Amino acid sequence: MESSGAHLDAWRAVVTSHAAVTEHIQRTLAATDLPPLSWFEVLWAIKRSPTGRPRMSDLAEWLTLSRGGITKLVDRLVEAGYLERVSCAEDRRSLQAELTPAGTKMLQEMQTVYEGEVERHLRSLTAEEAKLITTALQQVTVSTCDQASRATASV
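Presented here is a report on the structure given in the accompanying data block. Computed from a prediction, not measured in an experiment: that's the story for all the values here.

**Focus on helix α2 (residues 37–48)**
Here α2 contains twelve residues, and its C-alpha end-to-end distance of 16 Å stays within 8% of the 16 Å for a straight helix at 1.5 Å per residue. When we look at burial in α2, the residues that qualify are Leu37, Trp39, Phe40, Val42, Leu43, Ala45 and Ile46.

**Details of the packing of α2 against helix α4 (residues 67–79)**
Their axes nearest at 11 Å, the elements α2 and α4 cross at an angle of 90°. Accordingly, the angle class assigned to the pair α2 and α4 is roughly perpendicular. Across the interface between the two elements, Ser38, Trp39, Val42 and Leu43 from α2 touch Ile70, Leu73, Arg76 and Leu77 from α4.

**Some thoughts on the packing of aromatic side chains**
Using the criterion set out here, one finds four aromatic pairs in the structure. Grouping aromatic residues by their ring pairs yields a cluster made of Phe40, Trp44 and Tyr114.

**Some remarks on the side chain of Thr100**
Within the secondary structure, Thr100 is located in the loop between β2 (95–99) and α5 (101–122). Contacts of Thr100, omitting those with residues within four sequence positions, involve Gly81, Tyr82, Leu83 and Glu84.

**Some thoughts on α4**
The terminal C-alpha atoms of α4, which comprises 13 residues, lie 18 Å apart, in line with the 18 Å expected from a rise of 1.5 Å per residue. Turning to α4, its buried residues are Ile70, Leu73, Val74 and Leu77. Projection of α4 onto a plane perpendicular to its axis shows the buried side chains occupying an angular sector of 100°, all on one side. Summarising the geometry of α4, the exposed residues directed more than 90 degrees from the buried face are Lys72 and Glu79. Where α4 is buried, its residues contact α2, α3 (56–62) and β1 (83–87).

What counts, and at which threshold
- Residues numbered from 1 in each chain as written.
- Predicted model: local features only at pLDDT ≥ 70, side-chain atom pairs only at ≥ 80, totals over all residues.
- Heavy atoms only, no water.
- Helix = DSSP H or I, 4+ residues; strand = E, 2+ residues; numbered from the N terminus.
- Expected span 1.5 Å × (residues − 1).
- Buried < 20%, exposed > 50% of the residue type's maximum accessible area, 1.4 Å probe, protein only.
- Axes fitted to C-alpha atoms, helices over the stretch in contact; angles between N-to-C directions.
- Parallel < 35°, antiparallel > 145°, perpendicular 65-115°, else oblique.
- Contact = heavy atoms within 4.5 Å.
- Phe/Tyr/Trp six-rings, centres within 6.5 Å; stacked < 30°, edge-to-face > 60°.
- Arc of directions from axis to C-beta.

Purely geometric stuff here, so don't read any function into it on its own.
Quick look at the structure:
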């Protein structure tokens, strides 16, 4: 039971700190007349993707959004001129998202604010503490992916 309580406390700390830092990032983006954090997350995911042109389904999975949710979000980014949808060469039925030059510029502006806020709120951690947290949370991610794979395989 002791371990379970420690795990619950750790999880609560992750959720609470994530919510607090996210709220500050949102407010800072708004105060600097930049789009919302969800737009940054999409732009950044596309930029970091191996091809720079991820499929909509991949974006939805990476950002833990429904397909309908990612479609609406991408629609807004396309309308703002930050993204364009392109046909997938391997599967003409699929669409991929690609940054426009304006999207690349916006991502750079937003990334400056994002990184500044993350640094501001996490600077109380030593580099060693930050690495420890990174390693621990990566273990949690691997564990959840392994469980999802086993559940899918047994279906």
